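Each chain, letter by letter, is given below.
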Amino acid sequence: MTRGALLGLGLAIAAAGAAAAQSVPESVTVTGTKSHQVIEKFVESLATPTRIAGKIARWEVGVCPLTVGLKSAFTKYISRRVRDVAAKAGVPVSATADCKPNIEIVFTTTPQGLLDNVRKDRQVLLGYHDNSGQAERMAKITHPIQAWYATATVDLRGKSVLDSPAFQGVGEQAGVQGDAGQLIWSAAAVTGSRLGDGKSSALYHVIIAANPDKLADYEMGSLGDYIAMLALSQPASPDTCLALPSILNMLAPDCERKADALTANDMAYLSGLYRMSPGSTLRTQQDEIAYRMEQGLGR
């Protein structure tokens, strides 16, 4: 980007880093049953069940973010912020310098062109869709920052199946194996328990598109935190006003619980997400995240 407006994206890298490090997130002061109910509502509104397994997806392999479209100092800051938040929340982080990116963060003033190319050449990365019409609707740019999630279903043996009709079969299913993404065929291994079938949902690839022309009023530190939350979880909707103060409320319209940095609620959610039992039912997963949030927030 060469536009002067890009400078309006945020503070200098040092200032942004300092702000993120010094900020002490706030959360709503509630007690007893009300506290539990508010946290439950927060979790239920934020978490998105996957289409195939119906579970909450999270990273099971080391995250490897790549940011492009800004000056080098800014792209390095965004990628580093994602890694730092991941490490703090207990998310696996790739230690390899030349790791294959599985989180692609693209700043562009023509995001629709980017997504048109994704739909044409890498359609599976849009996320689960049944037909080309759904894919076309999914690829529409509707927000200044937007994310697309490709997920996979993992069985008891650790073999994963990309959540896409192209890779779904009856009994025998195509799986994704290794960084090369080569396909293998195997039957899914499950349990017979009503508490959970043993299958889990994993994030496989995330694309985040951000339009700098529409983000000039936001500081780089705030954008880095917002993007990190998108990259490490799978929020239901950017328009949802969550029940507790959250960085995800930053761009939600008519929301009074906005924040300009990751809050204690956000970090407690991420920590709960990456400590929950991945093979449990959706309801059990939500309850476990809420319980761990309560413990982490000292409620």
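Residues numbered from 1 in each chain as written. Predicted model: local features only at pLDDT ≥ 70, side-chain atom pairs only at ≥ 80, totals over all residues. Heavy atoms only, no water.

Caption draft 1: Molecular detail of the pattern of salt bridges. This structure, assessed with the given rule, holds 7 salt bridges. The partner of Asp 225 in a salt bridge is Arg 81, with the nearest N and O atoms 2.5 Å apart. With a gap of 144 residues between them, Asp 225 in helix 6 (residues 220-232) and Arg 81 in helix 3 (residues 72-89) connect regions that are remote in the sequence. Exposure class is identical for Asp 225 and Arg 81. Each is buried. (Salt bridge = Lys/Arg side-chain N within 4 Å of Asp/Glu carboxyl O. Helix = DSSP H or I, 4+ residues; strand = E, 2+ residues; numbered from the N terminus. Buried < 20%, exposed > 50% of the residue type's maximum accessible area, 1.4 Å probe, protein only.)

Caption draft 2: Representation of unusual backbone geometry. Positive phi values are uncommon outside glycine, yet Asp 254 reaches one of about 55°. Following the sequence through the fold, Asp 254 ends up in the loop between helix 6 and helix 7 (264-273). Exposure remark for Asp 254: the relative accessible area of 80% places this residue in the exposed category.

Caption draft 3: Representation of the environment of Leu 66 in the model. Structurally, Leu 66 is set in strand 1 (residues 65-68). Along the primary structure Leu 66 and Lys 76 are separated by 10 residues, whereas in three dimensions their C-alpha atoms are 8.5 Å apart.

Caption draft 4: Structural context of the pairing of strand 3 (residues 145-154). Counting buried residues along strand 3, 9 of its 10 residues qualify, which places the element largely inside the surrounding structure. Two strands pair when backbone bridges link them, and strand 3 and strand 7 (residues 200-210) are joined in this way by 10 bridges, in the antiparallel orientation. When the sheet's bridge partners are listed, Ala 150 is paired in strand 7 with His 205. In this structure, the hairpin formed by strand 3 and strand 4 (residues 160-162) is closed by a connection of 5 residues, where Gly 158 is found at a positive phi of approximately 85°. (Pairing = 2+ DSSP bridges.)

Caption draft 5: Molecular detail of the state of the cysteines. Applying the stated criterion across every chain yields a total of 2 disulfides. One disulfide in the model links Cys 64 with Cys 99; its S-S distance is 1.9 Å. One quick way to see it: the torsion about the S-S bond of Cys 64 and Cys 99 is about 80°, and its sign makes the bridge right-handed. Of this pair, Cys 64 sits in the loop between helix 2 (32-46) and strand 1 while Cys 99 is found in the loop between helix 3 and strand 2 (103-107), placing the two residues 35 residues apart along the sequence. Cys 99 carries the same exposure label as Cys 64, and that label is buried. Across the disulfide from Cys 241 sits Cys 255; the S-S distance is 2.1 Å. Judged by the sign of its S-S torsion, about 60°, the bond between Cys 241 and Cys 255 is right-handed. With Cys 241 in the loop between helix 6 and helix 7 and Cys 255 in the loop between helix 6 and helix 7, the pair connects residues that are 14 residues apart, well separated along the chain. According to the relative accessible area criterion, Cys 241 is partly exposed, its value standing at 26%. Numbered in order of appearance, the disulfide-bonded cysteines of the protein chain are paired 1-2, 3-4. (Disulfide = S-S within 2.5 Å.)

Caption draft 6: Looking closely at the packing of helix 3 against helix 6. Between helix 3 and helix 6, the shortest axis-to-axis distance is 9 Å and the interhelical angle comes to 50°. Considering the angle they form, helix 3 stands oblique to helix 6. In this structure, helix 3 meets helix 6 at a crossing whose hand is right-handed. On the side of helix 3, the interface is formed by Phe 74, Tyr 77, Ile 78, Arg 81, Val 82, Val 85 and Ala 86, while helix 6 contributes Met 220, Gly 221, Leu 223, Gly 224, Asp 225, Ile 227, Ala 228, Ala 231 and Leu 232. Residue composition of the contact of helix 3 with helix 6, by class: 12 nonpolar, 2 polar and 2 charged. (Axes fitted to C-alpha atoms, helices over the stretch in contact; angles between N-to-C directions. Parallel < 35°, antiparallel > 145°, perpendicular 65-115°, else oblique. Left-handed = near helix turned anticlockwise from the far one by under 90°. Contact = heavy atoms within 4.5 Å. Nonpolar A, V, L, I, M, F, W, Y, C, P; charged D, E, K, R; others polar.)

Caption draft 7: Region of interest: the side chain of Asn 265. Its place among the elements puts Asn 265 in helix 7. Since its relative accessible area comes to 0%, Asn 265 is described here as buried. Looking at Asn 265, its side chain comes within polar contact range of the main-chain oxygen of Pro 245, at 2.9 Å. (Polar contact = N/O pair within 3.5 Å; in protein donor to acceptor, adjacent residues only side chain to side chain.)

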